[in-house]
Amino acid sequence: MDIYQKIIKEAEAVTPEMITFRRSFHKYAETGWYEMRTSSLIARKLTDLGYEVLVGDKVCKNEARMGVPSDEELEKAYARAIEQGADPEFVKATKGGFTGVIGILRCGEGPTVAMRFDIDALGVNEAKDEEHFPVKEGFVSVNDGAMHACGHDGHGASGLGVAAVLMEIKEHLHGTIKLIFQPGEEGLRGAKSIVENGHLDDVDYFLGSHTTETDVEENDITPGSFGSLASFKYDVTFRGNAAHAGGQPHLGKNALLAAATAVTNLYAIPRHGEGASRINVGRLIAGSGRNVIADKAFMEMEVRGDTTEINKYVSDYAMRILKNSAEMHDCTVDIKLMGAAESMTSDEELCERIADICSNHLGMKVSDELSVKLAGSEDVSYMMNRVQSNGGKGSFMRVRSPFAAIGHNHRFDFDESYLTKAVKVFCGVAYDLMKK
């Protein structure tokens, strides 16, 4: 049998199991660094398939993790994961938020191909009405404040499908496969810690993807993407001194005023002439009462740029504003990096190869555009950029599926035919890159 035809057949055969995994991940949704049940089940399945499996701090470098929750919250998540059916052997490695899994398949001499599948949910409360498909089918999220509203449940499940199919054709592969199940993509928190643990340093080809919306009659895949905005996410805390607002205002150091000064000036940062830039203060909390000079103000903010360089320009400017605003009002400021991403561009040569494989060997409809511009930010950029900086090639694909609602919406859902498409693409491209 032609190997591409075998991939198609095996992808279809593994689809029911992928659907089961997808619905399990969806029902017990876990946000970034809490993906303990999810990681344990992925590790168990990869082990059962025969992969070399890395878990715990072997996946993410501890000091490179960003936006890690408190120890107390991580302990609660760990207990919940156990209650909700985490694998008893592998869940132990996730304690403290060390989530994420890497499965390695060694097939002799040849190129190393890495594939990334993000696995975290969003902080969204899912719709509960009967018209919502996960409600109808009994897999709506049972975890308050957590929902797979961006398709990462499908990404993780499709990664397990890829693992199963690649194992079926391993005698035709030459080289090494790395399947990276990444925590903390939302908020751009997880990828950099995997990169800094060295897992991308020996990679020749890198493949990532995201499900994206389409009508049923349109194409199945766009081979690449470019232009995702580089970004930094910051938590900012201003600290001053409380005092009576009526009797002794001169003894106070107004953290609220320092924060307000910062906000108005952050939005006044000059735009960059070489590309788009963004800044947003999404949250600001300050003070304790109308007659008290505020001694603390907390701000959540982000900067973005068309390129890594433009993003740095905005960030550097923002840092000066934050520090000078604090100094102006005799306060202190603590700035904590909570997430980050770089800009990225898929390799045209690899995109052309993906298009040829999908169109001529996998029977898939390929978009007229080899690569599309992304509007948001993606920390997969750290992985792709590390591979490219070492002379390798990478692409971030868009695998298409009808959506029930836009991404990050409480009614989001995707068509599960996406799972089969994704497995065909990843396995077909991996075979093409690793055959003799």
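Read on for a plain summary of the structure. If you're wondering where the values come from, they're calculated on a predicted model, not measured in any experiment. (Residues numbered from 1 in each chain as written. Predicted model: local features only at pLDDT ≥ 70, side-chain atom pairs only at ≥ 80, totals over all residues. Heavy atoms only, no water.)

## Remarks on the overall build of the chain
Helices and strands together make up the secondary structure of the chain, namely eleven helices and 13 strands. The C-alpha radius of gyration of the chain comes to 23 Å, within 12% of the 22 Å expected for a compact globule of 436 residues. When its C-alpha atoms are laid out on the principal axes, the chain stretches across 85 × 50 × 40 Å. A buried classification covers 58% of the 436 residues belonging to the chain. For the chain, the proportion of contacts with a sequence separation of at least 24, taken over those separated by at least 6, is 83%. Counting only carbon and sulfur atoms, one obtains 47% of the accessible surface of the chain, whose full area is about 17800 Å². Considering the chain, the positive charge centre built from 48 side chains and the negative charge centre built from 65 side chains are found 3 Å apart. (Helix = DSSP H or I, 4+ residues; strand = E, 2+ residues; numbered from the N terminus. Rg over C-alpha atoms; globule rule 2.2 N^0.38 Å. Buried < 20%, exposed > 50% of the residue type's maximum accessible area, 1.4 Å probe, protein only. Contact = heavy atoms within 4.5 Å. Areas by Shrake-Rupley, 256 points an atom, 1.4 Å probe, with all protein chains shown as cover. Lys, Arg positive; Asp, Glu negative; His and termini not counted. Charge placed at Lys NZ, Arg CZ, Asp CG, Glu CD.)

## Points about the sheet that holds strand 11 (residues 332-341)
Spatial ordering of the open sheet is given by 9-10-8-11, a layout of four strands whose pairing is antiparallel. Because the sheet does not close on itself, it has two edges, and the strands there are strand 9 (277-286) and strand 11. Adjacent strand axes in the sheet meet at a mean angle of 15° when their direction is disregarded. Looking at chain direction, strand 8 (residues 230-239) and strand 10 (residues 296-305) are connected through ten bridges and run antiparallel. Residue pairing across strands places F232 opposite V303, the latter belonging to strand 10. Along the sheet, helix 7 (residues 255-266) makes contact with strand 8, strand 9 and strand 10, crossing strand 10 at roughly 15°. (Pairing = 2+ DSSP bridges. Axes fitted to C-alpha atoms, helices over the stretch in contact; angles between N-to-C directions.)

## Focus: the environment of V203
Considering the arrangement of structural elements, one finds V203 in the loop between helix 6 (191-195) and strand 5 (205-213). Since its relative accessible area comes to 4%, V203 is described here as buried. What V203 contacts, discounting residues up to four positions off in sequence, is T112, A114, K178 and V387.

## As for helix 5 (residues 152-168)
The periodicity of an α-helix, 3.6 residues per turn, causes residues three or four positions apart to be oriented the same way. Taking 1.5 Å of rise per residue, 17 residues should cover 24 Å, and helix 5 covers 25 Å from first to last C-alpha, within 8% of that figure. The element helix 5 is largely enclosed, with a buried count of 16 among its 17 residues. (Expected span 1.5 Å × (residues − 1).)

## Examining the packing of aromatic side chains
Applying the stated criterion to the full structure yields nine aromatic pairs. Taking the centre distance of 4.8 Å and the plane angle of 70° together, the rings of F403 and F412 count as edge-to-face. Classification of F412 by relative accessible area gives buried; the value is 1%. Chaining the aromatic ring pairs together yields one cluster made of F117, F181 and F426. One residue, R22, lies across the ring of F414, its end atom 4.2 Å from the ring centre. Above the plane of the ring of F98 lies R65, whose end atom (NZ or CZ) is 3.9 Å from the centre. (Phe/Tyr/Trp six-rings, centres within 6.5 Å; stacked < 30°, edge-to-face > 60°. Lys NZ or Arg CZ within 6 Å of the ring centre and 35° of its normal.)

## Observations regarding the environment of E83
Mapped onto the elements of the fold, E83 is located in helix 3 (residues 71-83). E83 sits in the exposed class, given a relative accessible area of 68%.

## Regarding the sheet that holds strand 5
In sheet architecture, strand pairing relies on hydrogen bonds along the backbone and comes in two forms, parallel and antiparallel. The strand order across the open sheet formed by seven strands is 1-2-4-3-5-13-6, and the pairing between neighbours is mixed. One side of each edge strand has no neighbouring strand; the edge strands of this open sheet are strand 1 (52-54) and strand 6 (221-222). Relative to strand 4 (residues 175-182), strand 3 (residues 112-118) runs parallel, the two sharing seven bridges. Across the sheet, residue M115 finds its bridge partner in strand 4, namely L179. Across the sheet, helix 10 (residues 380-389) lies against strand 3, strand 4, strand 5 and strand 13 (393-401), angled at about 145° from strand 13, the strand it touches most.

## Structural notes on the pairing of strand 2 (residues 101-107)
With six of its seven residues buried, strand 2 lies for the most part within the structure. Relative to strand 4, strand 2 is paired through seven bridges, and the arrangement is antiparallel. Each bridged residue has a counterpart across the sheet, and for C107 the counterpart in strand 4 is G175.

## Considerations on the packing of helix 1 (residues 3-27) against helix 2 (residues 36-49)
Two elements in contact, helix 1 and helix 2, have axes separated by 10 Å at closest approach and are oriented at 160°. Of the possible angle classes, the one that applies to helix 1 and helix 2 is roughly antiparallel. The two elements helix 1 and helix 2 meet at a crossing, and its hand is right-handed. Seen from helix 1, the contacting residues are E17, F21, S24 and F25; seen from helix 2, they are R37, T38, L41, I42 and K45. When the residues that make up the contact of helix 1 with helix 2 are grouped by side-chain class, the tally is four nonpolar, two polar and three charged. (Parallel < 35°, antiparallel > 145°, perpendicular 65-115°, else oblique. Left-handed = near helix turned anticlockwise from the far one by under 90°. Nonpolar A, V, L, I, M, F, W, Y, C, P; charged D, E, K, R; others polar.)

## Here's the deal with the packing of helix 7 against helix 8 (residues 308-328)
At their nearest, the axes of helix 7 and helix 8 sit 8 Å apart, and the two run at 150° to each other. Comparing the axis directions of helix 7 and helix 8 gives the class roughly antiparallel. When you trace helix 7 past helix 8, the crossing you get is right-handed. Residue-level inspection shows A258, T261, A262, N265 and L266 of helix 7 in contact with helix 8, the latter providing A318, I321, L322, S325, A326 and M328. When its residues are assigned to classes, the contact of helix 7 with helix 8 shows eight nonpolar, three polar and no charged.

## Focus on the pairing of strand 5
For strand 5, the tally of buried residues reaches eight of nine residues, placing the bulk of the element in the interior. Note that strand 3 and strand 5 share four bridges and pair parallel. The residue bridging V113 from the neighbouring strand is Y205, located in strand 5. Sheet topology places strand 5 next to strand 13; nine bridges connect them, and they run parallel. Along strand 13, the bridge assignment pairs Y205 with K393.

## Here we look at helix 3
Given a rise of 1.5 Å per residue, 13 residues ought to cover 18 Å, and the 19 Å separating the end C-alpha atoms of helix 3 matches this to within 8%. Inspection of helix 3 places L74, A77, Y78 and A81 among the buried residues, and these make up the whole buried set. Within helix 3, the buried residues cover an arc of 105° as seen down the axis, which keeps them to one side. More than 90 degrees from the buried face of helix 3, the exposed residues found are E72 and E83. Check the buried side of helix 3 and you find it contacts helix 2. (Arc of directions from axis to C-beta.)

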